[in-house]
Amino acid sequence: MKAAASKTPRRNVVKKAFSSSQKDPVGVYCRVRPVQDQECCIEVISSTTVQVHPPDGYRTIRNGEYKEVQYSFKEVFGPNVSQKWVFDTVARPLVEDLIHGKNGLLFTYGVTGSGKTHTMTGSPGDGGLLPRCLDMIFNSIGLFQAKRYVFRLDEKNGVDVQCEVDALLERQKREALPVPKTPSGNRRQIDPEIADMINVQDNCKVEDVDEDNVYSVFVSYIEIYNNYIYDLLDEAPFDPIKPKWNSCGTPVRNADFVPPQSKILREDQNHNMYVAGCTEVEVKSTEEAFEVFWRGQKKRRIANTQLNRESSRSHSVFLIKLAQAPLDADGDNVLQDRDLITLSQLSLVDLAGSERTNRTKAEGSRLREAGRCCVWLVGSLQVCPSCLEQKLSACPLTGMARASPVWLDLVS
């Protein structure tokens, strides 16, 4: 007679209580743009609430009364709030997380002309979130930056450390390449078009930087347009869509046009998505990083619509990667143990306008672009989903995750 197998008693799982002091998985903020010579439909009720009411002539009646709706956000920025205030509230915590090895993601979302690009990039004399993030990063790690080419990104979304000899040889090899001379000789000149945007002068930095580590910053810039991903830093000619011809010298009927070469989304060994073959540039200063950004910004697709003379017709993602690794006991060389390297990423996303097409009077290709915007939005989320997966899967009962997405709504 066989003895009955005893079952292991099921252990009761104790759920952690959610503390209000913990960060929310996703922070959603609202910024209201000043309106001139027009009736404003947005009223700031409190620091976290806005009230929306239709303008005269467009009011919808519900139960015999005017319909007014209130929306709540983590924080509401009124029309007179400065760029610095928005940065300190929204982006500064993300930069602190980046320095401490955590991923971050920030979106600007709104209709055309609501101030998305102004908030993200800024204007002469009033830099936006992006240059302020760069300035804070380099103010924090300036004294602890590794020499150029010590860190080397691979093609599979990873990073390696080169020995000092190999890094030196690569620096000498790059310096031997012909470089066009500037009018001022060897002195680096900043494009006057962007000089005022990066002249932040806030001296904002992270105080508790690990001084036993060295750091390197890499940036890349991609565009999502018509369901394709393009590298805005690619040195190859950025030609518009070209017709596809057959052997008879006439356009192919079933595929009249073929798009330029699109990049491919891949998944690395840690199940993070990345853009394969994307240009990643190592930068050593705020000026150098913003010049790289501005070079790509000039390639973004814009078009004239009823709402904006230079409306962005694509989503753009500016990626800032920070590699850090400890030094040896003497403090001279970086330890070449891949397990000791930390690679964190901050993704800054400027979305295309989300307005209705009947307001833009879009036709033809502009209308087709607008119809695909929601699909591109999903694509831009996939470019940096490691933040979203880590954050959105972390419910209040399971504690904190390692990434910090922020959604910034802009209204006018």
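The structure presented is a predicted model; accordingly, all values stated were derived computationally and were not measured.

> Can you lay out the overall build of the chain for me, pointing to particular residues and giving the numbers?
Tallying secondary structure elements over the chain gives nine helices and 24 strands in all. By the burial criterion, 42% of the 412 residues in the chain qualify as buried. Summarising the internal contacts of the chain: among those between residues at least 6 apart in sequence, 72% fall at separations of at least 24. When the accessible area of the chain is evaluated, it comes to approximately 24000 Å², of which 49% is carbon and sulfur surface.

> Can you lay out the environment of Phe73 for me, pointing to particular residues and giving the numbers?
You can see Phe73 is positioned in the loop between β6 (69-72) and β7 (75-77). Here Phe73 falls in the buried class, since its relative accessible area comes to 18%. Separated by 26 residues in the primary sequence, Phe73 and Ser47 place their C-alpha atoms 8.6 Å from one another. When neighbours within four sequence positions are excluded, Phe73 is seen to be in contact with Val28, Tyr29, Cys30, Thr48, Val50 and Asp409.

> Break down unusual backbone geometry for me, with residues and values.
Even without a glycine there, the phi angle at Tyr149 is positive, about 75°. The topology assignment puts Tyr149 in the loop between α3 (129-141) and β11 (151-153). With phi around 65°, His271 is a residue other than glycine that occupies positive phi space. Mapped onto the fold, His271 is located in the loop between β17 (264-267) and β18 (273-276). Using a relative accessible area of 54% as the deciding quantity, one classes His271 as exposed.

> If you had to explain the packing of aromatic side chains to someone new, which residues and values would you point to?
This model, assessed by the stated rule, comprises eight aromatic pairs. With centroids separated by 5.2 Å and ring planes inclined at 45°, the aromatic side chains of Phe290 and Phe293 adopt a geometry described as tilted. With Phe290 and Phe293 both in helix α6 (residues 286-297), this residue pair falls three residues apart, about one helical turn. For Phe293, a relative accessible area of 2% corresponds to the buried category. On the basis of an interplanar angle of 55° and a centroid distance of 6.4 Å, the ring pair of Phe293 and Trp294 is categorised as tilted.

> Account for the nonpolar core, naming residues and giving values.
Among soluble globular proteins, nonpolar side chains are generally buried collectively. Grouped together as the largest cluster of nonpolar side chains are 47 residues, with contacts concentrated most on Leu106, Val217, Phe290, Phe318 and Ile320. Elements represented by at least two residues in this core include exactly α1 (83-99), α3, β13 (213-225), β19 (281-283), α6, β22 (315-326), β23 (342-350) and β24 (403-411). Setting aside chain neighbours within four positions, we find Phe318 in contact with Leu130, Leu134, Val219, Ser220, Tyr221, Ala289, Phe293, Leu346, Ser347 and Leu348. Val150, Val159, Val214 and Ala325 belong to the second largest nonpolar core, which has 13 residues in total.

> Before we move on, could you go through the packing of α1 against α3 and cite the residues and values that matter?
At their nearest, the axes of α1 and α3 sit 9 Å apart, and the two run at 45° to each other. Taken together, the axes of α1 and α3 lie oblique to each other. Regarding α1 and α3, the two cross each other, and that crossing is right-handed. Of the residues in α3, those in contact with Gln83, Lys84, Val86, Phe87, Ala91, Arg92, Val95, Glu96, Leu98 and Ile99 of α1 are Leu129, Arg132, Cys133, Met136, Ile137, Ser140 and Ile141.

> Talk me through the pairing of β18; I want residue IDs and the actual numbers.
Where β17 meets β18, four bridges bridge the pair, whose relative direction is antiparallel. When the bridges of β18 are listed, Glu267 appears paired with Met273. The hairpin turn running from β17 into β18, its antiparallel successor, is five residues long, and His271 in that turn takes a positive phi close to 65°.

> Summarise the sheet that holds strand β3 (residues 49-52); cite the residues concerned and give the values.
Read from one edge to the other, the open sheet built from three strands follows the order β2-β3-β6, with strand pairing classed as antiparallel. Two strands lie at the open edges of the sheet, namely β2 (42-44) and β6, each paired on one side alone. If you compare each strand with its neighbour and ignore which way they point, the axes differ by 25° on average. Where β3 lies against β6, four bridges are found, and the strand directions are antiparallel. Within β6, the position partnered with Val52 by the bridge is Val69.

> Explain the pairing of strand β1 (residues 27-32) residue by residue, including any values.
Among the six residues that make up β1, five are buried, leaving the element largely enclosed by the rest of the structure. By the bridge criterion, three bridges tie β1 to β7 in an arrangement that is parallel. Its bridge partner lying in β7, Cys30 is registered against Val76.

> Any chance you could break down α1 for me, citing the residues and the numbers?
The largest bend in α1 comes to about 50°, at Ala91, with the proline Pro93 one to four residues further on. Among the residues of α1, Gln83, Val86, Phe87, Thr89, Val90, Ala91, Leu94, Val95, Asp97, Leu98 and Ile99 are the ones counted as buried. Where α1 ends, the next residue or the one after it, Gly101, has phi of about 90°, a positive value.

> Any chance you could break down the pattern of salt bridges for me, citing the residues and the numbers?
Going through the model one piece at a time under the given rule, you end up with 13 salt bridges. The salt bridge involving Asp88 is made with Arg92; its shortest N-O contact spans 3.9 Å. One end of the pair is Asp88 and the other is Arg92, both in helix α1 and four residues apart, which spans about a single turn. On the basis of relative accessible area, Arg92 is assigned to the partly exposed category, the value being 27%.

Procedures and definitions
- Residues numbered from 1 in each chain as written.
- Predicted model: local features only at pLDDT ≥ 70, side-chain atom pairs only at ≥ 80, totals over all residues.
- Heavy atoms only, no water.
- Helix = DSSP H or I, 4+ residues; strand = E, 2+ residues; numbered from the N terminus.
- Buried < 20%, exposed > 50% of the residue type's maximum accessible area, 1.4 Å probe, protein only.
- Contact = heavy atoms within 4.5 Å.
- Areas by Shrake-Rupley, 256 points an atom, 1.4 Å probe, with all protein chains shown as cover.
- Phe/Tyr/Trp six-rings, centres within 6.5 Å; stacked < 30°, edge-to-face > 60°.
- Core = buried A, V, L, I, M, F, W, Y, C linked by side-chain atoms within 4.5 Å.
- Axes fitted to C-alpha atoms, helices over the stretch in contact; angles between N-to-C directions.
- Parallel < 35°, antiparallel > 145°, perpendicular 65-115°, else oblique.
- Left-handed = near helix turned anticlockwise from the far one by under 90°.
- Pairing = 2+ DSSP bridges.
- Bend = angle between axes of the 7 residues up to and from the residue.
- Salt bridge = Lys/Arg side-chain N within 4 Å of Asp/Glu carboxyl O.

Honestly, it's all geometry; don't read function into it.
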